[in-house]
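Summary of the model geometry
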Amino acid sequence: MKSPSNFLSARATVSAAAAFVLLALLSSQPTFAQRLPTTVIPTHYTLKLAPDLKAATFSGEDAIDVNISQPTNSITLNAIEINFLSVTIFPNGPQQTGTVSLDADKQQATFTFPNTVPAGNATIKVRYTGILNNELRGFYLSKTARRNYAVTQFEATDARRAFPCFDEPAFKATYDISLVIDAADTAISNTEVVADTPGPGADKHTLVFATTPKMSTYLLAFLVGDFECTGARQDNVDLRVCATPDKVALTPFALGIAKFALHYYDDYFGIHYPLKKLDLVGIPDFEAGAMENFGAITFRETDLLIDPKTAPIDAQRNAAIDVTHEMAHQWFGDLVTMQWWDNIWLNEGFATWMEAKPVAAMHPEWNMPEEVAGDEQDTLDIDAGPTTRAIRARADTPDEIDQMFDSIAYGKASDVLLMVENYLGEETFREGVQAYLKVHEYANATAEDFWNAQTATSHKPVDKIMESLIMQPGEPIFNFATPADGKVSVGQNRFFLSPAIAPDPRQKWTLPICFKTAAAQDCEILTPKTSRVSVPTAALFFANAGGKGYYRSAYALAQHAALVAQAASLLTPPEQISLLGDEWALTHANRAPIGDYLDLVAALKSDSNAQVFSNAARKIGTITDKITSTKEERDQLAVWVQRNFAPEYAKLGPSAPGDSPNTQELRAQLLTLLVIRGNNTELQTQARKLADRYLDDPTSVDPTLAQAALGAAVENGDAALFDRLQKLYETSTDPAVQDSALRLLVQFDNPALLERGLEYSVSNKVRNQDAAIQLAIGLRIPENRDATWSFIKTHWSQVESDLTTDLGSYMVSDTGSFCTAEARDNVKNFFATHPVAASDVALKHAIENIDGCVELRRLQEPNLKAWLAAQPGS
Ligand SMILES: [Zn+2]
């Protein structure tokens, strides 16, 4: 699964806590731990479903072949919101009719039979009805202005809403699916259609799909409507990208990515893609970003359907990454599945680590290694919070399971894999991956299975490294003394962003640490006992060569000064990003004054890498938002921004057709920084002109620059601009264009227009999949935060009705953008009386984040003041 694309806007600042839950899709129904017994094992399902898209209902016939290990007169499986009509069992003996008892809390149904059912094989036949819900999970109704669609989203525990089943990942079975649908409609499922017959009745036809391989329930999909597709054949697989008919013109971009990735993965994994076909389908109402159903991947439309002529580089890159992420899951997750949800990182960490590889190979100009390095810095900051979790953590209830889909399972787990791969070498690591997949294909695996495979193929202590990173929360910081005679003393402890938290001295890590050498890198294993290591010869002492190590580094004064002085010339862009991340973390922990961070940014200002710049620019935004408290400070900081970056912007000149993506992104980011943080009114006027030109003719302006110009223009935007954006949202058929226009409606400074934007967001003009994200953006923008929060509180019943989906936690987590004790108490008190279901983790992190910000301001504002006063021109 993948969260919705990053919705950071030019003006938004994001906090660690907010980012934490960005990925967490929290379930809204509290339920209780209950695993199914293992005495009844499903082997095959024959499932026939007949959805009624107008009435929003469906009927089903579910025949489950099971193996019963002990004689019994009752069988328990999962079902919720299912209306049972009849249950019959055909065992190794006379058939029996069962009665059904339901346990809604446990989401279980128990079938009880009058006589004992003998051990052995049996078939349970169930007839039932259900509802196509509006909750974007289970078998649900997805609507456009034109018509309804019936689609599915089962991960993690919602297959049980569509059919009674043994809904746990280790109960793998095969499936024969058939769908009875309207004569004019089509349907997509995991496998190819093997029969299409008219009836039952004049206005229906019945599609029968090929038997699936052995797979988990959460990976099934049934999608019914008038989808249209474009297709291609690659590596003997039928690949298709599908959408509603009005959007089929936007499918070729993703088809190109999918073709490339399929061949790349076939080669990398050494196991051919297991099915005959693979469909990628854009769904009008979709809660997550994308979902890796075996052979039938579903997407939020913005994450799949891209017009490369009008989409900014980051929208193209995000969509490409979503495609490669979900396709990687076809092996990691679908072919080999985690035994239980406590190891969801085996799915998500892998797909996140893998997603960058084919994209980097296909689009080297998109700076993927730098993207990865930037994401790692965000994850390290999240993992340095007071209540982070270990990668493998207990999860029993649907609620707990859904909360596992967070930055730790995705980001940290992928960072760990990246570090281990970097240590072993790509080829050795790949051999370990192939060995692991081969042993567990069409079955399930645990963390130990993976690291034992890697240890066996590499003959290196991968088990110790991974255990230390997977089983304990947090991250280490390595404190280096001055190197002398080819050696350096080093100490390690757990790192917290807050200087008030004392680390437990017993917590230590075993991991590889890679020093920069003259040629490439030299890695050594540090264990809890290591106090001194050899240092290779290099022009510079830098302890995270390649920027792929999951740790923080702190240097002695002279080494630190040399690093800052030579960072621009001797470090690679990912290394620069890692150094910026370390410097920021040390500032947060009050081990360095904030001026040190800004001096490093200034030292890197001529760096031409857009991702290095964007990491620095985001933090300048954070400093403005979180550390300054007066207009005078912000004005002084704006002067510094102007002095350092206006010449860099001028150097790039106006956009030209031959610009590289890097130049396009750098120019756009500089424009944003100079207008929003540098108060450059001349550029703001230019931005408005660019924005208008784009709205007149989207193909007349570089789309990446246009996006930045729009973000800058709405700051001082007027009603005319608001009207144009609203109209664009309502009339465009390009999801990326619509999405961007909608997001901008809550970014106007003008209070009346902001109010209009917020009201619009919770109106029926905006899909539920977007409403909570709109409110979250309003909270992230410093100037709009108070007004957005008071809107949420005063319009609570309306807001709450839009939060029926799991996305409510987005909004809750972004209340963590505040930075005062009063606001914290206000947030706490409000949600105490207006609870958002299953957002307890989101709220906890939001409160921690506000406290962290208050502490940061208290410690660093005096340093910032002094540093600003010492800048020329102050
Ligand atoms: Zn995923």
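This is a predicted model, so every value here is computed, not measured.

**Let's talk about the confidence of the model for the protein chain**
Here the protein chain averages 93 in pLDDT, and 96% of its residues register 70 or above. Within the model, pLDDT remains below 50 along residues 14–32, and this stretch shows 79 contacts once partners closer than five positions in the same chain are excluded.

**What about the packing of helix H8 (residues 426–440) against helix H9 (residues 447–458)?**
Look at H8 against H9: their axes get within 8 Å of each other, and the N-to-C directions meet at 130 degrees. The orientation of H8 with respect to H9, classified from their angle, is oblique. The two elements H8 and H9 cross, and the hand of that crossing is right-handed. Contacts between H8 and H9 involve Thr428, Phe429, Glu431, Gly432, Val433, Ala435, Tyr436 and His440 from the first element and Asp449, Phe450, Ala453, Gln454, Thr457 and Ser458 from the second. The class makeup of the residues in the contact of H8 with H9 is six nonpolar, six polar and two charged.

**A few points about the side chain of Arg667**
Within the element layout of this structure, Arg667 appears in helix H16 (residues 661–677). Of the residues examined, Arg667 reaches a relative accessible area of 1% and is grouped as buried. Ignoring any residue separated from it by four or fewer positions in sequence, one finds Arg667 in contact with Tyr649, Leu652, Gly653, Pro654, Ser655, Ala656, Asp659, Asp702 and Leu705.

**Observations concerning helix H26 (residues 821–833)**
Because each turn of an α-helix spans 3.6 residues, side chains separated by three or four positions end up pointing in the same direction. The terminal C-alpha atoms of H26 lie 19 Å apart, and with 13 residues this matches the ideal 18 Å at 1.5 Å per residue to within 8%. When we look at burial in H26, the residues that qualify are Ala823, Arg824, Val827, Phe830 and Phe831. Each buried residue of H26 lies within a common arc of 135 degrees when the element is viewed along its axis, so the set occupies one face. Exposed side of H26, more than 90 degrees from the buried face: Glu822, Asn829, Ala832 and Thr833 are the residues found there. Contact partners of the buried residues in H26: helix H23 (785–794), helix H24 (796–802), helix H25 (808–814) and helix H27 (840–869).

**Focus: the sheet that holds strand S7 (residues 108–117)**
Across the sheet, which stays open at both edges, the three strands sit in the order S3-S7-S6 with antiparallel pairing between neighbours. Both edges of this open sheet fall to strand S3 (72–78) and strand S6 (99–103), since each of them pairs with a single strand only. Taken pair by pair, the neighbouring strands of this sheet meet at an average axis angle of 25 degrees, ignoring direction.

**Examining the environment of Leu53**
Structurally, Leu53 can be placed in the loop between strand S1 (40–52) and strand S2 (57–68). As a C-alpha pair, Leu53 and Ile181 span 128 residues in sequence and 9.1 Å in three-dimensional space. Discounting chain neighbours no more than four positions away, the residues touching Leu53 are Leu132, Leu141, Arg147, Asn148, Tyr149, Ala150, Asp185 and Val224.

**Structural notes on the state of the cysteines**
Applying the stated criterion across every chain, the model contains three disulfides. Here Cys229 connects covalently by a disulfide to Cys242, the sulfurs 2.2 Å from one another. Taking the sign of the S-S torsion, about 105 degrees here, the bridge from Cys229 to Cys242 comes out right-handed. A residue pair is termed long-range when its members are at least 10 positions apart, and Cys229 in strand S16 (residues 228–234) and Cys242 in strand S17 (residues 237–243) qualify at 13 residues. Taken N- to C-terminal, the disulfide-bonded cysteines of the protein chain are connected 1-2, 3-4, 5-6.

**Some thoughts on unusual backbone geometry**
The residue after Glu155, namely Ala156, is reached through a cis peptide bond having omega 5 degrees. Note that Ala156 resides in the loop between strand S10 (148–153) and strand S11 (174–182). Cis geometry is found at the peptide bond from Gly199 to Pro200, where omega equals 5 degrees. Among the structural elements, Pro200 can be located in the loop between strand S13 (193–198) and strand S14 (204–209). Positive phi, close to 60 degrees, is recorded for Leu136, a residue that is not glycine. The topology assignment puts Leu136 in the loop between strand S8 (120–131) and strand S9 (138–143). Positive phi, normally seen in glycine, also occurs at Tyr442, with a value near 60 degrees. With respect to the helices and strands, the residue Tyr442 is situated in the loop between H8 and strand S22 (443–445). Overall, the relative accessible area of 30% leaves Tyr442 in the partly exposed class.

**Here we look at the sheet that holds S13**
One open sheet accounts for eight strands, arranged S5-S4-S8-S2-S1-S11-S14-S13; its pairing is mixed. Each of the sheet's edge strands pairs with one partner strand only, and the pair in question is strand S5 (96–97) and S13. Bridge count between S1 and S2: twelve bridges; the pairing is antiparallel. Bridge pairing in S2 places Asp52 opposite Thr57.

**Focus: the packing of aromatic side chains**
Applying the stated criterion across every chain, the model contains 47 aromatic pairs. Here the aromatic rings of Phe350 and Trp353 are separated by 5.9 Å at their centres, their planes lie at 85 degrees, and the arrangement is edge-to-face. Here Phe350 and its partner Trp353 are both found in helix H4 (residues 345–362), three residues apart, which amounts to about one turn of the helix. In this pair, the class of Phe350 matches that of Trp353, namely buried. Judged by centre distance (5.2 Å) and plane angle (75 degrees), the ring pair of Trp353 and Phe429 falls under edge-to-face. Of this pair, Trp353 sits in helix H4 while Phe429 sits in helix H8, placing them 76 residues apart in sequence. Each member of the pair Trp353 and Phe429 is classed as buried. For the cation-ring pair, Arg35 lies above Trp340, with the distance from its terminal atom to the ring centre recorded as 3.4 Å. Directly above the ring of Tyr268 sits Arg430, whose terminal nitrogen or CZ lies 5.3 Å from the centroid.

Thresholds applied
For every chain, the first residue of the written sequence is number 1, and numbering continues from 1 onward in sequence order. Under the rules for a predicted model, residues below a pLDDT of 70 receive no local features and side-chain atom pairs below 80 are neither given nor counted, while totals for whole chains, interfaces and linings still include all residues. As a convention, hydrogens and water are excluded, and side-chain values are obtained from all of the structure's heavy atoms. A residue's pLDDT is simply how confident the predictor is in it, with values from 0 to 100. Two residues form a contact once any of their heavy atoms are found within 4.5 Å. Each axis is a line fitted through C-alpha atoms, taken for helices only over the stretch in contact, and angles between the N-to-C directions span 0 to 180 degrees. Numbering of helices and strands starts at the N terminus; helices are DSSP runs of H or I of at least 4 residues and strands are runs of E of at least 2. Any angle from 65 to 115 degrees is called roughly perpendicular, while one under 35 is roughly parallel, one over 145 is roughly antiparallel, and all others are oblique. Each helix crossing is assigned a hand: it is left-handed if the near helix lies turned anticlockwise from the far helix by less than a right angle, otherwise right-handed if that turn is clockwise. Residues are grouped as follows: nonpolar covers Ala, Val, Leu, Ile, Met, Phe, Trp, Tyr, Cys and Pro; charged covers Asp, Glu, Lys and Arg; every other residue, Gly included, is treated as polar. Partly exposed describes any residue whose relative accessible area lies between the buried limit of under 20% and the exposed limit of over 50%, with all areas from a 1.4 Å probe on protein chains only and scaled to the type maximum. Given the number of residues in a helix, its expected span is that number minus one, multiplied by 1.5 Å. This arc describes the spread of directions from the helix axis toward the C-beta atoms. DSSP bridges decide pairing: two strands pair if at least two such bridges lie between them. Disulfide assignment relies on a single distance test, namely cysteine sulfur atoms paired within 2.5 Å. Stacked, edge-to-face and tilted are the three classes for Phe, Tyr and Trp ring pairs, Trp counted by its six-membered ring, which pair at centre distances within 6.5 Å; planes under 30 degrees apart are stacked, over 60 edge-to-face, the rest tilted. Comment: the charge-over-ring label is applied if NZ (Lys) or CZ (Arg) is within 6 Å of the ring centre and within 35 degrees of the ring normal.

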